[in-house]
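Residue-level structure breakdown
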Amino acid sequence: MTMLTLPAPGKLNLFLHITGRRPDGYHELQTLFALLDQGDTLHFAAADTLTLECDQAEVPTDHSNLILRAARLLQTHTGCQEGARIVLEKHLPMGGGVGGGSSDAATALLGLNALWGLNLSEDTLAELGLSLGADVPV
C-alpha cells in the first residue's frame, strides 16, 4: 500500500494584539507566527472508508478530531466519496499552545486534496480550513 507522508509543523505565536471586536463577537487580531521544525506527521493511504489512527491512545480518533472534521468537510465541499486511512504520529503536546490540532487539520486538507486528486487551490483549502478554526490556514 502506497502512503503519502506529510509533516504538520507546530507554531509559536510570537505576539498577539487584540485590535477590536467584530459584529459576530470574534476579536480582530494582529499576530505573528513562527513555524517550528518539530511537529506531528500524518500518513495517508487510499481506503474504502475514512478512518483515523493515532500512536497515542489519549488522542481521540472519532468525529471530534479536527483531522476527521477536515476530511469530512473536504468530502462535503467536493462531493468526493473516496475514503482514506489516516495515521497520525503525535509529537506535539495536546493543548500545549503550539497549534498541533490546527496544523494536523491543515495537513489533512493538503494530503487528502492530493490523495483524492481534487486539485483545489491553496486559497480554497485555506477558506475551508478557516471554518474549522482561525489557526488552520496558518
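Everything that follows concerns the structure shown earlier in this document.
Residue numbers here run from 1 along each chain, matching the order of that chain's written sequence. Restriction of local features to residues with pLDDT of at least 70 applies here, the model being predicted, together with a cutoff of 80 or more for giving and counting side-chain atom pairs; totals for whole chains, interfaces and linings are based on all residues. Hydrogens are left out, water is left out, and the side-chain values use all remaining heavy atoms of the structure.

1. Regarding the side chain of lysine 90
Under the DSSP-based scheme used, a helix requires at least four consecutive residues in state H or I and a strand at least two consecutive residues in state E, with every element numbered from the N terminus. Relative to the elements of secondary structure, lysine 90 occurs in the loop between strand E4 (83-89) and helix H2 (100-115). Residue lysine 90 is classed as buried on the basis of its relative accessible area, which comes to 7%. Not counting chain neighbours up to four residues away, the residues in contact with lysine 90 comprise Asp40, Cys54, Asp55, Gln56, Val59, Gly100, Gly101 and Asp104. Only protein chains enter the calculation, and the probe is 1.4 Å; a residue is then buried if its accessible area is under 20% of its type maximum, exposed if over 50%, and partly exposed in between. We call two residues contacting when some pair of their heavy atoms lies within 4.5 Å.

2. With respect to a nonpolar patch on the surface
A cluster of nonpolar residues, Leu12, Leu14, Phe15 and Leu32, forms a patch on the protein surface that exposes about 360 Å² of accessible area. Sorting elements by how many residues they give to the nonpolar patch places strand E1 (residues 4-21) first, with three residues. Within the secondary structure, leucine 14 is located in strand E1. Judged by relative accessible area, which is 53%, leucine 14 ranks as exposed. Patches here are clusters of residues that have more than 30% relative accessible area and form no salt bridge, with a 9 Å joining cutoff for like charges and a 5 Å cutoff for nonpolar side chains (Val, Leu, Ile, Met, Phe, Trp, Tyr). Methods summary: accessible areas were calculated by the Shrake-Rupley approach with a probe of 1.4 Å, and residue burial reflects only the protein chains presented. The rule for a salt bridge is simple: a side-chain nitrogen of Lys or Arg has to be within 4 Å of a carboxyl oxygen of Asp or Glu.

3. Brief notes about the packing of helix H1 (residues 66-78) against helix H3 (residues 122-130)
Angles run from 0 to 180 degrees between N-to-C directions of axes, and those axes are lines fitted to C-alpha atoms, restricted for helices to the stretch in contact. With their axes 10 Å apart at the nearest point, H1 and H3 run at an angle of 120 degrees to one another. The angle between H1 and H3 places the two elements in the oblique class. Crossing of H1 over H3 shows right-handed handedness. Each of Leu73, Leu74 and His77 in H1 lies in contact with H3, whose residues at this interface are Thr124, Leu125 and Leu128. Any residue that is not Ala, Val, Leu, Ile, Met, Phe, Trp, Tyr, Cys, Pro, Asp, Glu, Lys or Arg is counted as polar, Gly included; the first ten are nonpolar and the last four charged. A breakdown of the residues in the contact of H1 with H3 according to their chemical character gives four nonpolar, two polar and no charged. The cut-offs work like this: below 35 degrees is roughly parallel, past 145 is roughly antiparallel, 65 to 115 is roughly perpendicular, and the gaps in between are oblique. Here is the rule for handedness: rotate from the far helix to the near one, and if that takes an anticlockwise turn smaller than a right angle the crossing is left-handed, while a clockwise turn gives right-handed.

4. Observations regarding H1
Helix span is expected to be 1.5 Å times the residue number reduced by one. A rise of 1.5 Å per residue sets the reference length of H1, with its 13 residues, at 18 Å; its end C-alpha atoms lie 18 Å apart and thus fit the reference within 8%. Those residues of H1 that sit buried are Ile67, Leu68, Ala70, Ala71, Leu74 and Gln75. Viewed end-on, H1 has its buried residues packed into an arc of 160 degrees, placing them on one side of the element. Looking at the buried residues of H1, the elements they touch are strand E2 (27-47), strand E3 (50-54), E4, H2 and H3. Glycine 79 sits one or two residues past H1 and shows a positive phi near 80 degrees. Working definition: the arc comes from the directions between the helix axis and the C-beta atoms, pointing outward to the latter.

5. Section: the sheet that holds E1
Two strands form a pair only when DSSP identifies at least two bridges running between them. Here four strands make up an open sheet; going across it, the order is E1-E2-E4-E3 and the pairing mixed. On the outer flanks of this sheet lie E1 and E3, each paired with one strand and no other. Going from strand to strand, the sheet's axes swing by 30 degrees on average, the running direction of each strand aside. Pairing geometry for E3 and E4, over five bridges, is parallel. Bridge pairing in E4 links threonine 51 to arginine 85. Lying on the sheet, H1 is in contact with E2, E3 and E4; it crosses E3 at an angle near 160 degrees. Contacts between H2 and the sheet are confined to E1, E2 and E4, with E2 contributing the most and set at about 50 degrees to the helix.

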